[in-house]
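The lines below spell out each chain.
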Amino acid sequence: MIEDLDKIINKPFLTPIDLAKFFSISTPTVYRLVDQRVIKFYKIGGSLRFKKEDVLAYLDNVQVNVISK
């Protein structure tokens, strides 16, 4: 499973299915993120693609920090 994720994230562009696998979410959820313009995407020849750098930046933006006491 980890090897599959390594193959996915090492692609220059990810498909919606790749992104769903990488995030462990459903494909409709990926399309919802796109519809809401929450994650950057590219439309190439009618197909959605996501740049690896944009995916990693998105993860940085949605990270929730730890509350320290």
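Preceding this section is the structure that the text describes.
(A) Quick peek at the pattern of salt bridges. Per the counting criterion, the structure on display carries one salt bridge. The closest approach of N and O atoms between D18 and K11, which form a salt bridge, is 3.0 Å.

(B) Up close: the packing of helix α2 (residues 16–23) against helix α4 (residues 52–62). α4 packs onto α2 with a crossing angle of 40° between their chain directions and a minimal axis gap of 12 Å. The handedness of the crossing between α2 and α4 comes out as right-handed. Two secondary-structure elements touch here, α2 through L19, F22 and F23 and α4 through V55, Y58 and L59. Its residues assigned to classes, the contact of α2 with α4 comprises six nonpolar, no polar and no charged.

(C) Spotlight on helix α3 (residues 27–35). Considered for burial, the residues of α3 that qualify are V30, L33 and V34. An end-on view of α3 places all buried positions within 100° of arc, on one side of the element. Turned more than 90 degrees from where α3 packs its buried face, P28 and D35 sit exposed. Lining the buried residues of α3 we find α2, β3 (47–51) and α4. Phi turns positive one or two residues past the end of α3, at R37, with a value near 55°.

Rules of the game
- Residues numbered from 1 in each chain as written.
- Predicted model: local features only at pLDDT ≥ 70, side-chain atom pairs only at ≥ 80, totals over all residues.
- Heavy atoms only, no water.
- Salt bridge = Lys/Arg side-chain N within 4 Å of Asp/Glu carboxyl O.
- Axes fitted to C-alpha atoms, helices over the stretch in contact; angles between N-to-C directions.
- Helix = DSSP H or I, 4+ residues; strand = E, 2+ residues; numbered from the N terminus.
- Left-handed = near helix turned anticlockwise from the far one by under 90°.
- Contact = heavy atoms within 4.5 Å.
- Nonpolar A, V, L, I, M, F, W, Y, C, P; charged D, E, K, R; others polar.
- Buried < 20%, exposed > 50% of the residue type's maximum accessible area, 1.4 Å probe, protein only.
- Arc of directions from axis to C-beta.

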